[in-house]
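Descriptive analysis of the structure
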Amino acid sequence: MADTKVYRASTTAPVNIAVVKYWGKRDAKLNLPTNSSLSVTLSQADLRTLTTASCSTTFNDDVLLLNGEPSDLTGARTQACLRELRTRREALESKDASLPKLSAMRLLLVSENNFPTAAGLASSAAGFAALVRAIADLYELPSSPTELSLIARQGSGSACRSLFGGYVAWQMGSQADGLDSRAVEVAPASHWPEMRALILVASAAKKGVSSTSGMQQTVATSGLFQQRIADVVPRNMQSMQDAVAARDFPAFAEVTMRESNSFHATCADTYPPIFYMNDVSRAAVRAVEAINAAAGKTVAAYTFDAGPNAVIYYLEESRDLVLGAFYPLLEKLEGWKDGAKGLKSEVQFDEAVASA
Ligand code: DP6
């Protein structure tokens, strides 16, 4: 009798926010970066993507439903992930004839975020990490998070860092085939359990220039970028790893803020220039400076990705100081007044390794 069974696996993957930024590709096809990067993984209780992958001989097409809406699966990057996963499953099936031929079946992927996709939070990172992990679980691939990071990277660079919890480095690698361009754990979240993040959504609008095209323009036109990848980032990677190892918040904070500034400076040095931060973002920078000045030491750090939303890192012991300073500001600032834009989420960190 024909096998009409539906095979299924579900998994979640967390959002990560880079403190040393990935910005620039040396190989757009394999999605290989021009520099290494380092991120902190947010708690899945706060921000995560849940994906269920199923396959069956009764399905006619590969289909992706994202928050209930049909979504495109035909893009080259998504196709690269599906191809890699199917190839690995085929290898298992060719070794063991008793395994069902899942690699030949069409896939149904159902993905949901527990945060607004349009909020400009790195949804593609959690999205691709969950997609790759769900299919790898469905196919029962014996792959470690680092091995899966090689596949997720091809979907979206930052996604490779969402296969781990805690503090995660994406090592740029040097091989042309990209097999050494992968994510590794720097430290688990439990290493520094006092770390917190406040996410300030200055605008829920979709970003103007996508990361993919923005970084391509920067690589092609910015002189400052050359200095960033040759000198600034290698130093920041080392300082950041030292700061995390020593749980040195002022050092962590300084590198985080300098990195964000350096990244946005290269965006401004791109021709024509790219501006991701807006007046609300700059007010958040000033607010962090005021908090640190009032405290007489560095207790808060800001960082901004390819959009105006701020992520503020601080330690639990500084919670009242940081939240106390931000809440009145949130009331006053135009950008944070209404409900949709005013999403404020204080998130914690946990061992947010994508789990079955
Ligand atoms: C500013 O991972 O979205 O958030 O590989 O083209 O999908 P693609 O880019 P993406 O870029 C993220 C850029 C960043 C910095 C970072 O997360 O390291």
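First, a word on scope: everything that follows refers to the structure included in this document. (Residues numbered from 1 in each chain as written. Predicted model: local features only at pLDDT ≥ 70, side-chain atom pairs only at ≥ 80, totals over all residues. Heavy atoms only, no water.)

Looking now at the overall build of the chain. The secondary structure content of the chain amounts to eight helices and 15 strands. Looking at the chain as a whole, 52% of its 356 residues qualify as buried. A separation of at least 24 residues holds for 75% of the contacts in the chain among residues at least 6 apart in sequence. Carbon and sulfur atoms form 54% of the exposed surface of the chain, whose accessible area is close to 15,000 Å². (Helix = DSSP H or I, 4+ residues; strand = E, 2+ residues; numbered from the N terminus. Buried < 20%, exposed > 50% of the residue type's maximum accessible area, 1.4 Å probe, protein only. Contact = heavy atoms within 4.5 Å. Areas by Shrake-Rupley, 256 points an atom, 1.4 Å probe, with all protein chains shown as cover.)

Next up on the list: the site of the ligand. Y22, K25, S156, S158 and T212 are the nearest of the 18 residues found near the ligand. Measuring from an oxygen atom of the ligand, one finds a side-chain N or O atom of S158 at 2.6 Å. One nitrogen or oxygen atom from the side chain of T212 is found 2.6 Å from an oxygen atom belonging to the ligand. Taken by itself the ligand offers 460 Å² of open surface, and the protein chains cover 94% of this. Top element by residues in the shell around the ligand is helix α4 (residues 211-221). It accounts for three residues. For the shell around the ligand, the class distribution of residues is six nonpolar, seven polar and five charged. (Near = heavy atom within 4 Å. Polar contact = N/O pair within 3.5 Å; in protein donor to acceptor, adjacent residues only side chain to side chain. Nonpolar A, V, L, I, M, F, W, Y, C, P; charged D, E, K, R; others polar.)

Here the focus is the pairing of strand β10 (residues 167-171). Judged by how many residues are buried, β10 sits mostly within the fold: four of five residues are covered. Pairing of strand β5 (residues 37-41) with β10, which is carried by four bridges, proceeds in the antiparallel orientation. Within the sheet, the bridge partner assigned to S39 lies in β10 and is V168. As paired strands, β10 and strand β11 (residues 182-187) are joined by five bridges and run antiparallel to one another. (Pairing = 2+ DSSP bridges.)

Attention shifts here to the pattern of salt bridges. For the coordinates displayed, the defined rule picks out 12 salt bridges. Here R86 makes a salt bridge to D62, at a shortest N to O gap of 2.9 Å. Placement of the pair is R86 in helix α1 (residues 76-95) and D62 in the loop between β6 (48-56) and β7 (63-66), with a sequence separation of 24 residues. On the accessibility criterion, R86 (11% relative accessible area) is buried. Of the charged contacts, one joins R89 and E93 as a salt bridge, the two residues approaching to 2.7 Å between their closest N and O atoms. With a gap of four residues between them, R89 and E93 both fall in helix α1, about one helical turn apart. This pair shows no difference in class: R89 is buried, exactly as E93 is. (Salt bridge = Lys/Arg side-chain N within 4 Å of Asp/Glu carboxyl O.)

Below, the discussion takes up the packing of aromatic side chains. The geometry of an aromatic ring pair comes down to the distance between the two centres and the angle between the two planes. Under the counting rule described, the total for this entry stands at nine aromatic pairs. Taking 5.8 Å as the distance between ring centres and 35 degrees as the angle between the ring planes, the aromatic pair formed by F249 and F252 counts as tilted. In this pair, F249 and F252 both sit in helix α6 (residues 249-268), three residues apart, roughly one turn of the helix. Since its relative accessible area comes to 4%, F249 is described here as buried. Given the relative accessible area of 0%, F252 is considered buried. Ring centres of Y302 and F304 lie 5.9 Å apart, and the angle between their planes is 45 degrees; this geometry places the pair in the tilted category. For the pair formed by Y302 and F304, the shared burial category is buried. (Phe/Tyr/Trp six-rings, centres within 6.5 Å; stacked < 30°, edge-to-face > 60°.)

What follows covers the side chain of R86. A polar contact is formed between the side chain of R86 and the side chain of D62, at a distance of 2.9 Å. Within the structure, the side chain of R86 is placed 3.4 Å from the backbone oxygen of S103, a separation counted as a polar contact. Once residues within four sequence positions are removed from consideration, R86 is found in contact with D62, S103, M105, R106, L107 and Y139.

Core analysis: the biggest nonpolar cluster contains 50 residues, and F252, I312, Y313 and F326 have the highest contact counts within it. The greatest single-element share of this core, amounting to six residues, is contributed by strand β14 (residues 310-315). Contacts of F252, omitting those with residues within four sequence positions, involve V19, V40, Y167, W192, M195, M240, A243, V244 and Y313. If you look at the next biggest cluster of nonpolar residues, it comprises 43 residues, including Y7, L64, L102 and A136. (Core = buried A, V, L, I, M, F, W, Y, C linked by side-chain atoms within 4.5 Å.)

Another point: the packing of helix α5 (residues 223-246) against α6. Remark: α5 packs on α6, axes separated minimally by 9 Å, with the N-to-C direction vectors making an angle of 165 degrees. One finds that α5 runs roughly antiparallel with respect to α6. Taken as a pair, α5 and α6 cross one another with a handedness that is left-handed. Across the interface between the two elements, L224, F225, R228, V232, V233, N236, S239, M240, A243 and V244 from α5 touch A251, F252, V255, T256, E259, S262, F263, A265 and T266 from α6. Its residues placed into classes, the contact of α5 with α6 shows 12 nonpolar, five polar and two charged. (Axes fitted to C-alpha atoms, helices over the stretch in contact; angles between N-to-C directions. Parallel < 35°, antiparallel > 145°, perpendicular 65-115°, else oblique. Left-handed = near helix turned anticlockwise from the far one by under 90°.)

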